[in-house]
Amino acid sequence: VGAEMVRATKRLQDTLPGVKAIVRQSHSADLIQAVLDGALDFAIVTYDGELFEPDIVRERVGDNPVVVAARVDHPLARRKALRPAAIAGEPWIVPRRDNVFRSRLETLFTRHSLDRPVILAESSGVLFTLAYLRTHDALTYIPRRVLLSAGGVRDFAVLPGRGFDWRPQALLGRRPIGRAH
């Protein structure tokens, strides 16, 4: 969603010169709460069908496919296809427990009857996660667009295989027009 936000911010500034854009990156639930509280006008979030505040209007802006990723020269990156069991014992960099990506990853492990992920580090920062992956053998579960905007194919590999595919929607969430906070 990062590249889309950059383009949208530039378009806003070109359309309405002098308007200051405040861009906040956080977890979907935190951003939606900020919209409800009136601290943000809208939020672009990942939505996977879980509970969404009834006071928020949702507008689909695209898909946000999530992938298992590693550094480009990770031993698993050389394989043509992976079964879920192949990544079970690998160390992971994951977001905090209340993050939708972490929840989904743990659900996928359970669905495939795998032990819980081996969590090497828990980080809500994409920059830390990607910096770690560039130099160490670990995996993460991350939106493909984030991965590509941060270095793409020269730094990171999307691990091939079935069973960990997830295509949640990217939604713009806002309060209904005319409803002030």
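Quick summary incoming for the structure in this document.

Criteria and cut-off values
- Residues numbered from 1 in each chain as written.
- Predicted model: local features only at pLDDT ≥ 70, side-chain atom pairs only at ≥ 80, totals over all residues.
- Heavy atoms only, no water.
- Buried < 20%, exposed > 50% of the residue type's maximum accessible area, 1.4 Å probe, protein only.
- Helix = DSSP H or I, 4+ residues; strand = E, 2+ residues; numbered from the N terminus.
- Contact = heavy atoms within 4.5 Å.
- Pairing = 2+ DSSP bridges.
- Axes fitted to C-alpha atoms, helices over the stretch in contact; angles between N-to-C directions.
- 1 Å grid on protein atoms, 1.4 Å probe; cavity = no way out; pocket = protein on both sides within 12 Å on 5 of 7 lines; lining within 4 Å.
- Points joined across faces, edges and corners; volume = space filled by probe spheres on them.
- Nonpolar A, V, L, I, M, F, W, Y, C, P; charged D, E, K, R; others polar.
- Core = buried A, V, L, I, M, F, W, Y, C linked by side-chain atoms within 4.5 Å.
- Salt bridge = Lys/Arg side-chain N within 4 Å of Asp/Glu carboxyl O.

**Side note on helix H2 (residues 28-37)**
Every buried residue belonging to H2 is among Leu 31, Ile 32, Ala 34, Val 35 and Leu 36, and all of these are buried. Lining the buried residues of H2 we find strand E1 (42-47) and strand E8 (169-174). Looking one or two residues past H2, Gly 38 carries a phi angle of roughly 85°, positive in sign.

**Focus on the sheet that holds E8**
Spatial strand order, E1-E8-E2: three strands in an open sheet with antiparallel pairing. Across the chains shown, the open sheet's two edge strands, defined by having one partner strand only, are E1 and strand E2 (57-63). The sheet shows a mean angle of 30° between the axes of neighbouring strands, direction not considered. Where E1 and E8 come together, six bridges link them in antiparallel fashion. Counterpart to Thr 46 in the pairing with E8 is Ala 170.

**Things to note about the layout of surface pockets**
If you add up the space inside the largest pocket, you get close to 1,400 Å³. Lining the largest pocket we find 45 residues, and of these Arg 24, Gln 25, Ser 26, Leu 31 and Ile 44 sit closest to its centre. For the lining of the largest pocket, the leading source of residues is helix H1 (residues 2-15), giving six residues. Its residues assigned to classes, the lining of the largest pocket comprises 27 nonpolar, 15 polar and three charged.

**A closer look at the nonpolar core**
Among the nonpolar cores identified, the biggest contains 20 residues, and Val 68, Ile 87, Trp 92, Leu 139, Tyr 141, Leu 159 and Phe 164 are the most heavily contacted of them. Broken down by element, the residue count for this core peaks at five residues, all from helix H3 (residues 100-111). Those residues in contact with Ile 87 that sit more than four places away from it in its chain are Val 68, Leu 76, Leu 82, Trp 92, Phe 109, Leu 139, Leu 159 and Phe 164. Within the second largest apolar cluster, eleven residues are counted, among which are Leu 31, Ile 32, Ala 34 and Leu 36.

**Concerning the pattern of salt bridges**
Counted by the stated rule, this structure contains twelve salt bridges. Linking Asp 30 and Arg 96 is a salt bridge whose minimum nitrogen-to-oxygen distance equals 2.9 Å. Of this pair, Asp 30 sits in helix H2 while Arg 96 sits in the loop between strand E4 (91-94) and H3, placing them 66 residues apart in sequence. Of the residues examined, Asp 30 reaches a relative accessible area of 33% and is grouped as partly exposed. The class of Arg 96 is partly exposed, set by a relative accessible area of 29%. The salt bridge involving Asp 137 is made with Arg 71; its shortest N-O contact spans 2.3 Å.

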